[in-house]
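Structural overview for review
Now for the letters of each chain:
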Amino acid sequence: MDNLLSMEHLSTNEIHELIQRASAIKKGDLKPQRYEDKFVANLFFENSTRTKSSFLVAEQKLGLKLIDFETNTSSVQKGESFYDTCKTLEQVGADVLVIRHSQTTYYEELKSLNIPIINGGDGSGQHPTQSLLDIMTIYEEYQSFEGLNILICGDIKNSRVARSNFQSLSALGANVMFSSPEAWKDCSLDAPYVDIDTVIDHIDIVMLLRVQHERHDNGESTSFEANNYHEQFGLTQARYDKLHNQAIVMHPAPVNRGVEIDHSLVEASKSRIFKQMENGMYLRMAVIDYILQTKGAETNEVIK
Ligand code: CP
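- You'll find the chain entered in an unreviewed UniProt entry as Aspartate carbamoyltransferase, with Staphylococcus succinus given as the organism.
- Here is the UniProt Function (unreviewed entry) comment for the chain, exactly as written: "Catalyzes the condensation of carbamoyl phosphate and aspartate to form carbamoyl aspartate and inorganic phosphate, the committed step in the de novo pyrimidine nucleotide biosynthesis pathway."

Overview of the overall build of the chain
- The secondary structure content of the chain amounts to 10 helices and 10 strands.
- Taking 2.2 N^0.38 as the reference for a compact globule, 304 residues should give roughly 19 Å; the C-alpha atoms of the chain span a radius of gyration of 19 Å, in line with that estimate.
- Its C-alpha atoms give the chain principal-axis dimensions of roughly 55 × 50 × 30 Å.
- Each of the 304 residues in the chain was classed as buried or not, and the buried ones make up 56%.
- Sequence separation of 24 or more characterises 75% of the internal contacts of the chain that already satisfy a separation of 6 or more.
- With the model as given, the accessible surface of the chain reaches about 13100 Å², and the carbon-plus-sulfur share is 45%.
- One finds the centroid of the 29 positive side-chain charges in the chain at a distance of 5 Å from the centroid of its 43 negative side-chain charges.

A look at the packing of aromatic side chains
- On inspection of all chains with the given rule, the structure shows 11 aromatic pairs.
- Ring centres of Phe 82 and Tyr 106 lie 5.6 Å apart, and the angle between their planes is 90°; this geometry places the pair in the edge-to-face category. Residue Phe 82 is found in helix α3 (residues 82-92), and its partner Tyr 106 is found in the loop between β4 (96-101) and β5 (117-122); the two are separated by 24 residues along the sequence. Of the two residues, Phe 82 and Tyr 106, neither departs from the other in class, the shared state being buried.
- For Tyr 106, a relative accessible area of 1% gives the class buried.
- Aromatic ring contacts, followed pair by pair, group Phe 45, Phe 69, Phe 82, Tyr 106 and Tyr 107 into a single cluster.

A few points about α3
- When α3 is considered as a whole, its buried residues turn out to be Phe 82, Thr 85, Cys 86, Leu 89 and Glu 90. Mapping the buried residues of α3 onto a view down its axis gives an arc of 135°, with all of them on the same face. Exposed and oriented more than 90 degrees from the buried face of α3 are Gln 91 and Val 92.
- Against β2 (39-44), β3 (65-67) and β4 lie the buried residues of α3.
- Once α3 ends, the next one or two residues include Gly 93, with phi positive near 125°.

Thoughts on the UniProt feature "domain: Aspartate/ornithine carbamoyltransferase carbamoyl-P binding" (unreviewed entry) in the chain
- Mapped onto this numbering, the UniProt entry gives "domain: Aspartate/ornithine carbamoyltransferase carbamoyl-P binding" (unreviewed entry) at residues 3-140.
- Along residues 3-140 one finds 38% helix and 17% strand; the C-alpha atoms at either end are 26 Å apart.

Some details on the environment of Gly 234
- Tracing the chain through its elements places Gly 234 in the loop between α8 (226-233) and α9 (237-242).
- In sequence terms Gly 234 and Cys 153 are 81 residues apart; their C-alpha atoms lie 7.7 Å from each other.
- Once you skip the residues sitting within four places of it in the chain, Gly 234 turns out to touch Ile 196, Tyr 229, Arg 239, Val 259 and Glu 260.

A closer look at the sheet that holds β5
- Read from one edge to the other, the open sheet built from 4 strands follows the order β3-β2-β4-β5, with strand pairing classed as parallel. For this open sheet the edge positions go to β3 and β5, each flanked by a neighbour on one side alone. Between one strand axis and the next, the sheet turns through 20° on average, direction left out of account.
- In this structure, β2 lies alongside β3, joined through 3 bridges in parallel fashion. Each bridged residue has a counterpart across the sheet, and for Val 40 the counterpart in β3 is Leu 66.
- Its contacts with the sheet put helix α2 (residues 50-61) on β2, β3, β4 and β5, and the angle it makes with β2 is roughly 175°.
- Along the sheet face, α3 touches β2, β3 and β4 and points at about 160° away from the line of β4.

Reading the values: the criteria
Residues numbered from 1 in each chain as written. Predicted model: local features only at pLDDT ≥ 70, side-chain atom pairs only at ≥ 80, totals over all residues. Heavy atoms only, no water. UniProt positions renumbered as here; feature names shortened; annotations may be inferred. Helix = DSSP H or I, 4+ residues; strand = E, 2+ residues; numbered from the N terminus. Rg over C-alpha atoms; globule rule 2.2 N^0.38 Å. Buried < 20%, exposed > 50% of the residue type's maximum accessible area, 1.4 Å probe, protein only. Contact = heavy atoms within 4.5 Å. Areas by Shrake-Rupley, 256 points an atom, 1.4 Å probe, with all protein chains shown as cover. Lys, Arg positive; Asp, Glu negative; His and termini not counted. Charge placed at Lys NZ, Arg CZ, Asp CG, Glu CD. Phe/Tyr/Trp six-rings, centres within 6.5 Å; stacked < 30°, edge-to-face > 60°. Arc of directions from axis to C-beta. Pairing = 2+ DSSP bridges. Axes fitted to C-alpha atoms, helices over the stretch in contact; angles between N-to-C directions.

Here it is, written out as structure tokens:
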């Protein structure tokens, strides 16, 4: 694996390999190599808390040296292009770039670079490390994906998490369903749209999505009414109470409390929202390690 750009590019074997490596790192069964002679740059052209901070921790645990880069203090502010910025970082010695950008498939214009790119989210396109950490979290609960009933609720059309997870979880054998306001349906994804109240009692995983106001046109966002949305598509206490005993609640976060999910349910016993964030750091260690190994680094040392 030379890059991680889209879940469409990963085979189910590669997905299993990555989540098993992440789980082994988490348990202490796999001690990844240290990359003290390697440099990484994190280029976040869109805001982030989880993805950026967990990549930073993962990189430092792997011994990588960080190239300091912030869009608001870089020559991007003088008009330097996205391609020239990335090419410059390659030329000064970056061995890997982690990039988040509002442009869907931004990575198409970076094909001539000779260093790995890890996609930290591209517009409404893909969020592969989020999908992998979600898959890792589901695997910890169920140890399998075949036949799981997964309901993804909310802003499907604008969500890179919905797209990545629909593709990967369907490929792994899960039954993925969507529930969404009419305006946020995405007919390019071949999953059934269902009424949350008709399926809630036999769902294994309910995955809530943040309403992506920044990707809406003004008319769409000004007509949005949070209380109505919560009542129709959110996880209310009444819906939570109908979930079966083993069912879990997920959300990629940041969470709009009281909109996608009732405030009191964010840390309820079935919620895995903060577990997803914890797993994200291990998963990102596994991804960076796997990619750098593919690029010729030494073999991992397994310590058990
Ligand atoms: N889930 C996620 O991508 O969160 P951030 O935008 O905070 O990175």
